[in-house]
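Survey of secondary and tertiary structure
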Amino acid sequence: MIEIKNLSKSFKGKTSNVEALKDINLIIYKGEIFGIIGLSGAGKSTLIRTINRLEEPTEGTIFIEDTDIIKLDKKKLRSTRKEIGMIFQHFNLLNSRTVFENIAFPLEISGYDKSSIEKRVNELLEVVELADKKDAYPSQLSGGQKQRVAIARALANNPKILLCDEATSALDPKTTKAILNLLKKIQQEFNLTVVLITHQMEVIKEICNRVAIIEDGKIIELNTVEEIFAKP
Ligand code: ADP
Ligand code: ADP
């Protein structure tokens, strides 16, 4: 469970501050696919980035199970982050490394030995169906294939939570659907809690259990996808 309490974030500006998040309260349950939707500038990115502390909140707390992640020191944060995978709109792969090496990267940082890294990366390549591309470089891959590599890399350390920051926004509709199906499959296979942000309604309809609508830094509606779309 992820419990977000009284979360606020303001960015300092030259003349005035930008209040990106205003007193957000939210519970995301274990094993659900939770969507956050809103227009550009609504605060989606800031919100999802605070969950693994890529962004520090101005106020408030975030509990992951019993751990207040906002209070963790650097060392403990590093180990907690292994339980949180993340994927991005522009994939954020290392361009000078092969597919295999990109997926191996977090495992090398974790200090695993060569043979267990090789075993794990090969397993992950099967999960994302890219075994035949393991020696390719990112520049040789399509957008959908790049996102598959990013998904494999995010899963490397066996996280409990997967954060998806506009993960399909750079992809065409057909590829989007394939990536969403993959996310659904791995959510079930690894019993992940998935939190995704998007500005695309189709993404929410396709895979989310519940959805929060965010506007101007505030959650203005929170419900199951069925309820939200059942409205006249
Ligand atoms: P979204 O992801 O919904 O497009 P963001 O979370 O990126 O929204 O941004 C919310 C608000 O915070 C916007 O007004 C944006 O300009 C501002 N903002 C985001 N990041 C920063 C930053 N690093 N510095 C200053 N303002 C920022
Ligand atoms: P994307 O849409 O690809 O997720 P953005 O352009 O929203 O990326 O943001 C890219 C980076 O710039 C993020 O780290 C975000 O926090 C930061 N950012 C967003 N808005 C602002 C802003 N108004 N001022 C400074 N930094 C910002």
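Treat the numbers as computed from the prediction; the structure is a model and nothing was measured. (Residues numbered from 1 in each chain as written. Chains lettered and ligands numbered in written order. Predicted model: local features only at pLDDT ≥ 70, side-chain atom pairs only at ≥ 80, totals over all residues. Heavy atoms only, no water.)

Side note on the overall build of the protein chain
Along its length, the protein chain carries eight helices and ten strands. Taking 2.2 N^0.38 as the reference for a compact globule, 232 residues should give roughly 17 Å; the C-alpha atoms of the protein chain span a radius of gyration of 18 Å, in line with that estimate. Counting only C-alpha atoms, the protein chain reaches 50 × 45 × 35 Å along its principal axes. Partitioning the intrachain contacts of the protein chain with sequence separation of at least 6 by distance along the chain shows that 69% fall at a separation of at least 24. Working note: accessible area of the protein chain is about 12,000 Å², and carbon and sulfur atoms make up 49% of it. With 34 positive and 32 negative side-chain charges, the protein chain shows a separation of 4 Å between the mean positions of the two kinds. (Helix = DSSP H or I, 4+ residues; strand = E, 2+ residues; numbered from the N terminus. Rg over C-alpha atoms; globule rule 2.2 N^0.38 Å. Contact = heavy atoms within 4.5 Å. Areas by Shrake-Rupley, 256 points an atom, 1.4 Å probe, with all protein chains shown as cover. Lys, Arg positive; Asp, Glu negative; His and termini not counted. Charge placed at Lys NZ, Arg CZ, Asp CG, Glu CD.)

Some remarks on the nonpolar core
Counting 45 residues, the largest nonpolar core has I151, L183 and I186 as its most contacted members. Among the elements that take part in this core, helix α5 (residues 143-155) stands out by supplying six residues, more than any other. With 28 residues, the next largest nonpolar core counts I4, L72, F88 and A212 among its residues. (Core = buried A, V, L, I, M, F, W, Y, C linked by side-chain atoms within 4.5 Å. Buried < 20%, exposed > 50% of the residue type's maximum accessible area, 1.4 Å probe, protein only.)

A closer look at the site of ligand 2
Near ligand 2 the following residues occur: R49, E55, Q89 and H90. Note that an oxygen atom of ligand 2 is positioned 3.5 Å from one of the side-chain N or O atoms of Q89. Considered on its own, ligand 2 offers 570 Å² of accessible surface; in the complex 25% of this is hidden by protein. Residues of the shell around ligand 2, tallied by class, amount to no nonpolar, two polar and two charged. (Near = heavy atom within 4 Å. Polar contact = N/O pair within 3.5 Å; in protein donor to acceptor, adjacent residues only side chain to side chain. Nonpolar A, V, L, I, M, F, W, Y, C, P; charged D, E, K, R; others polar.)

Re the sheet that holds strand β9 (residues 210-215)
The strand order β6-β7-β8-β3-β9-β10 describes an open sheet built from six strands, whose pairing is mixed. Strand pairing shows two members of the sheet lacking a second neighbour, β6 (84-88) and β10 (218-224), which therefore form its edges. Across the sheet, the axes of successive neighbouring strands diverge by a mean angle of 15 degrees, strand direction being ignored. Two elements, strand β3 (residues 33-37) and strand β8 (residues 193-198), share five bridges in a ladder whose sense is parallel. Looking at β8, one finds that I36 is bridged to I197. Helix α1 (residues 44-51) rests against β3, β6, β7 (161-165), β8 and β9 of the sheet, and its axis sits at about 155 degrees to β8. (Pairing = 2+ DSSP bridges. Axes fitted to C-alpha atoms, helices over the stretch in contact; angles between N-to-C directions.)

With respect to the site of ligand 1
Around ligand 1 sit F11, V18, A20, L39, S40, G41, A42, G43, K44, S45 and T46, and those are all the residues in its vicinity. Note that an oxygen atom of ligand 1 is positioned 2.9 Å from one of the side-chain N or O atoms of K44. Alone, ligand 1 offers 560 Å² of accessible surface; in the complex the protein occludes 59% of this. Contributing elements (two or more residues each) for the shell around ligand 1: β2 (18-28) and α1. By residue number, the principal contributor to the shell around ligand 1 is α1, which donates three residues. Broken down by class, the residue content of the shell around ligand 1 amounts to five nonpolar, five polar and one charged.

Section: the confidence of the model for the protein chain
Close inspection of predicted coordinates is inappropriate in any region flagged by low pLDDT. For the protein chain, the average pLDDT comes to 96, and 100% of its residues sit at 70 or higher. ipTM for the predicted complex: 0.74, alongside a pTM of 0.90. (pLDDT = per-residue confidence, 0-100.)

Quick look at a positive patch on the surface
A contiguous patch of positive charge, built from K74, K75, K76, R78 and K82, is present on the exposed surface. For K75, the position within the fold is in helix α2 (residues 74-81). Here K75 falls in the exposed class, since its relative accessible area comes to 67%. (Patch = residues over 30% accessible without salt bridge, like charges linked within 9 Å, V, L, I, M, F, W, Y side chains within 5 Å. Salt bridge = Lys/Arg side-chain N within 4 Å of Asp/Glu carboxyl O.)

Some points on unusual backbone geometry
In this structure, N6 is a non-glycine residue whose phi angle is positive, near 50 degrees. Mapped onto the fold, N6 is located in strand β1 (residues 2-11). Residues other than glycine seldom take positive phi values, yet E65 does so here, at roughly 55 degrees. Tracing the chain through its elements places E65 in the loop between β4 (59-64) and β5 (67-68). E65 gets classed as partly exposed once you look at its relative accessible area, which sits at 40%.

Some thoughts on the pattern of salt bridges
Summed over all chains, the structure comprises twelve salt bridges. Between E123 and K119 there is a salt bridge, and its shortest N-O distance comes to 3.6 Å. Of this pair, E123 and K119 both sit in helix α4 (residues 114-127), separated by four residues, roughly a single helical turn. Its relative accessible area of 36% is what places E123 among the partly exposed residues. On the basis of relative accessibility, which here comes to 57%, the residue K119 falls in the exposed class. When the shortest N-O distance is used, the salt bridge between E129 and K185 registers 4.0 Å. On the criterion of sequence distance, the pair formed by E129 in the loop between α4 and α5 and K185 in helix α6 (residues 173-190) is long-range, its members being 56 residues apart. For K185, a relative accessible area of 32% translates into the label partly exposed. Through salt bridges that share partners, K119, R120 and E123 make up one connected network.

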